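Examination of the molecular architecture
Below are the chains, spelled out letter by letter.
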Amino acid sequence: MERFGIQNPILLVLFLFFDSSSQNDDVYQGSGSDNERVRNRVGLVFDLGSVEGKIVRSSVTTALSDFNAINNNYKTKSLSLSVRNSRGEPLLALASGNILTFFFFFLCQTFTHNIHVLSFVAVDLLQSEEVEAIIIGGDSILETKLLAEIGEKARVPVISVNSPISSSLSRYSHLIQAAHDFASEAKGVTAFIHEFDWKSVGLIYEDDDDWRESMQIMVDHFYENGVGVESKVGFAMTSSEEMVMDRLRKMKDLGTSVFVVHSSEVTATRLFPCAERLGMMGEGFAWILTSKSMSSFHGKEAMEGVVGFKTYIPMSKELQNFTLRLSSSLGNEDGFRLSISGVWAHDAAWALARSAEMVNASSTLLEAITECSFKGFSGDFQVKDKMFLSDKFEIVNLLESGERRIGFWNGNGSFSSRRHFNKLEETIIWPGGSAQTPKMRSLGESKRRKLRVLVTSSNRFPRLMKVETDLATNVTTAEGFCIEVFRAAIAPFNYELEFIPWRNGSNYNRLAYALYSQKDKYDAAVGDITITANRSMYVDFTMPFTEMGLGTVAPKETSMWVFFHPLKRDLWITSAAFFVLTGTIVWLIEKHDNKEFQGSWPKQMGVIFWFGFSTLVYAHREKLQHNLSRFVVTVWVFAVLILTASYTATLTSMMTVQQIRFNSNEDSVGHLSGSLIAKMALTSPRFRPTNTKGLNTSIEYAQAMLNNTVSFIVDELPYLKVLLVEHPGKFLMVKAQCNTNGFGFMFQKGHELVPLVSREILNLRTSDKLIDMEKRWFANQLPYTADDTLNPITLFRFRGLFMITGVSFAFALLVLLILWLRDTWEDLMSSVNIFLSQRLVHFRILFARTIHPNPLADAAIGDNAVQMAQRNNR
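A brief structural summary. All values derive from a computational prediction rather than experimental measurement.

Cut-offs and rules
Residues numbered from 1 in each chain as written. Predicted model: local features only at pLDDT ≥ 70, side-chain atom pairs only at ≥ 80, totals over all residues. Heavy atoms only, no water. Pairing = 2+ DSSP bridges. Helix = DSSP H or I, 4+ residues; strand = E, 2+ residues; numbered from the N terminus. Axes fitted to C-alpha atoms, helices over the stretch in contact; angles between N-to-C directions. Contact = heavy atoms within 4.5 Å. 1 Å grid on protein atoms, 1.4 Å probe; cavity = no way out; pocket = protein on both sides within 12 Å on 5 of 7 lines; lining within 4 Å. Points joined across faces, edges and corners; volume = space filled by probe spheres on them. Nonpolar A, V, L, I, M, F, W, Y, C, P; charged D, E, K, R; others polar. Salt bridge = Lys/Arg side-chain N within 4 Å of Asp/Glu carboxyl O. Buried < 20%, exposed > 50% of the residue type's maximum accessible area, 1.4 Å probe, protein only.

Describing the sheet that holds strand S18 (residues 449-456)
- The strand order across the open sheet built from 5 strands is S21-S18-S22-S29-S23, with neighbouring strands paired in mixed fashion. Where the open sheet ends on each side, the last strands, each with one partner, are strand S21 (495-502) and strand S23 (539-541). Looking at each pair of strands side by side, their axes are set apart by 30 degrees on average, direction ignored.
- Note: S18 against S21, 8 bridges, orientation parallel. If you follow Leu 454 over to S21, its bridge partner there is Ile 500.
- Contacting S18, S21, strand S22 (524-526) and strand S29 (746-748), helix H14 (residues 481-490) crosses the sheet at an angle of about 155 degrees to S21.

Here you go:
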């Protein structure tokens, strides 16, 4: 077709490289005038050797035939079917007649983006056949990806019927998927489990990439809604019967009695005979099958009492008639049941036929399909976000006589019967023929269960965590404070611990994700693991079993000048200046009347300094005679009292409480290498050092501080306790603010042990057993202050005190000046008059000389002026 251009040959390769048995099913029917109608082909790629493939092929063929017969008034387009046999192999879906040639070209297109190579092959194919769309099916994500890739390149729709759901398929804009709504089903299975008050289940799943994502959706929903997964087992189609028996036996030994099976028909039908031989299909057990297991088969032997979720297909006369026609065409009229894939394939073919009629010059077939809506066999057909999801499920009870419907699960989140949307419809017959609901076995009733525990194995702080693996037996042992607390907290619950070393470094965010993503391998994680919000998105933490917060460790102070440290230099200088100023002001006030402040100049200078500094210890012996000097001394003594009290408190903290002092903008800071918590603390406004150094062990901590490589260490308190215990008397610690949550044990989300272990940790703490464990591993309680806010005192902090003192001193000087002016006012005024008279005489002489430059006259004038001045003085 013209609109495909050079890209459409890519799809044509899919259909022209058929094997020798490739077929084209002509489903076109009509009158002779219909020859004017445009005929286009739809491709079908399925495993035609399977019963499912035969049903789908017949369903699509019949659907297109019915559509053309019913809508014979359409004059523009009709569809015919080009069938392709994938034989259940993804690569055979690409080519079978010349698979190596085609696969070579496909690799060139996909991995080297060599479009010219694939286009060259496709040009020749344009002359023989054209394809508008393709319908595919199967259980392989790989097959879906390969065919979706071709559809993407050719820009033609690819409709996947009942293939696995994967987020990796969302990038294909031309891929439309018809599938179960796994999220809705997960809610239904969870609600069903809650309906019978079961707290945990065993999960059996298909151990294959195609199943892992849908299985994870269900597991996550279990955990989010309080359903624990106490045991998990994965089987592949190739798993031997011996392996199946062995793993089921282990699940039984663990006390699991409720099982959820999410696997293919092949795996499920092999599973139940093994379970029956182990006595797990008898009374006291419950089995729940997901829609994936129930989509294409109906009760088998050894499955009596199983409950299954099936995609709900509303029964109608049209569907019954269609089923009868299909069974007749397949020659299997006895016991024929139309599968969900057959129903979806019918609706997909019908949607293609309707959409082909809607295509015009301004739209594409893909757009027409996404806008198409009609009442199909599966219900209301409507594509949303390139998905057609069935969110309603029929709940059936498998019995020896066949299936028995017991209720429905609606997409709106409720159970319902046909008329009432609040309960299951029928009583369930459980395995063993009992109508009594199986009960969960308590921990005490089950055998000793194994808990697979990941343990941090860096061994950087052996007192916290030390892990060793015996190379001969491959048995891992662990010891240390963290392990002792964990053993004590888990002891009441009858678990056998299997330690698995974590070998991927100290990034515990990865450890949390590994525990989250590999639920079939690990149950918990123990070690020096800090509780963080990011990690709690993937795992559940117990309550912390260590102290919370960061600490700072530095070498003990050994300087002989430590007594200068409580005050900053500017405060020392200012205080000394005010001591001298106080002595000077008191000397000025007292020197005229107080003999103790009189004498020779050296003596008076000594009195000034002595009196000022003697106020520091209130040892001044000079008696003050003036109230003004007493006022000055009183104000200064008050200031000295505050200064000495502050100095004494700070020095006491430094000497007895061993307060750390540091300049975080200049000093080099050490921290635990790879510790995200320490790095976050060092980037906060509280620190922001210019130099940081990552260290790995307590020995490296000590060496770095003793050789002055770093000035101090910032880390979480448990690490610093180890350092102080191993190097007593050399370092000191200050407890910082509680900005971390301490160490906790990690479990998979929703694990039943999380609240139980947390409760035991609380009991250990209240009974002082946790303190006893700390003493054994960290010696006695380590002394440290409540915070590190007692820094050396600066002038800025005491600016108000010196402001008050300065204003008081200025006031005293002003009063002293006023009193002095009062006592010497007459003499002062006389001196001023004489001075002014002499200045006036000199001015008159200067003025006269300027006007009458006569020397004699000047002499006369000068004599007269002198005589006049003398008379005035008398």
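A short note on the layout of surface pockets
- Looking at the second largest pocket, its volume works out to about 680 Å³.
- Forming the boundary of the second largest pocket are 27 residues, of which Lys 232, Val 233, Lys 250, Leu 254 and Arg 452 lie nearest the centre.
- Ranked by residue count, the leading element in the lining of the second largest pocket is strand S8 (residues 228-235), at 7 residues.
- A per-class count over the lining of the second largest pocket returns 7 nonpolar, 5 polar and 15 charged.

Some points on the pairing of strand S19 (residues 466-469)
- Looking at chain direction, S19 and strand S20 (residues 476-479) are connected through 4 bridges and run antiparallel. Each bridged residue has a counterpart across the sheet, and for Glu 468 the counterpart in S20 is Thr 477.
- Hairpin connection, S19 to S20: the antiparallel pair is bridged by 6 residues, and Asn 474 has positive phi, about 60 degrees.

Quick look at the pattern of salt bridges
- In the structure shown here, the tally under the stated rule is 19 salt bridges.
- Lys 153 is the partner of Glu 149 in a salt bridge, and the nearest nitrogen-oxygen pair spans 3.7 Å. Residue Glu 149 and its partner Lys 153 are located together in helix H5 (residues 141-154), separated by 4 residues, close to a single helical turn.
- The residue Lys 519 makes a salt bridge to Asp 220 at a minimum N-O spacing of 3.7 Å.

Considerations on the environment of Met 543
- If you trace the backbone, Met 543 turns up in the loop between S23 and strand S24 (550-555).
- Met 543 gets classed as partly exposed once you look at its relative accessible area, which sits at 27%.
- When the C-alpha atoms of Met 543 and Val 757 are compared, they prove to be 8.3 Å apart, with 214 residues separating the residues in sequence.
- Those residues within four positions of Met 543 in sequence are excluded, and the remaining contacts are Ile 531, Phe 743, Gly 744, Ser 758, Ile 761 and Leu 762.

It is worth stressing that arrangement in space is one thing and function is another; only the former is reported here.
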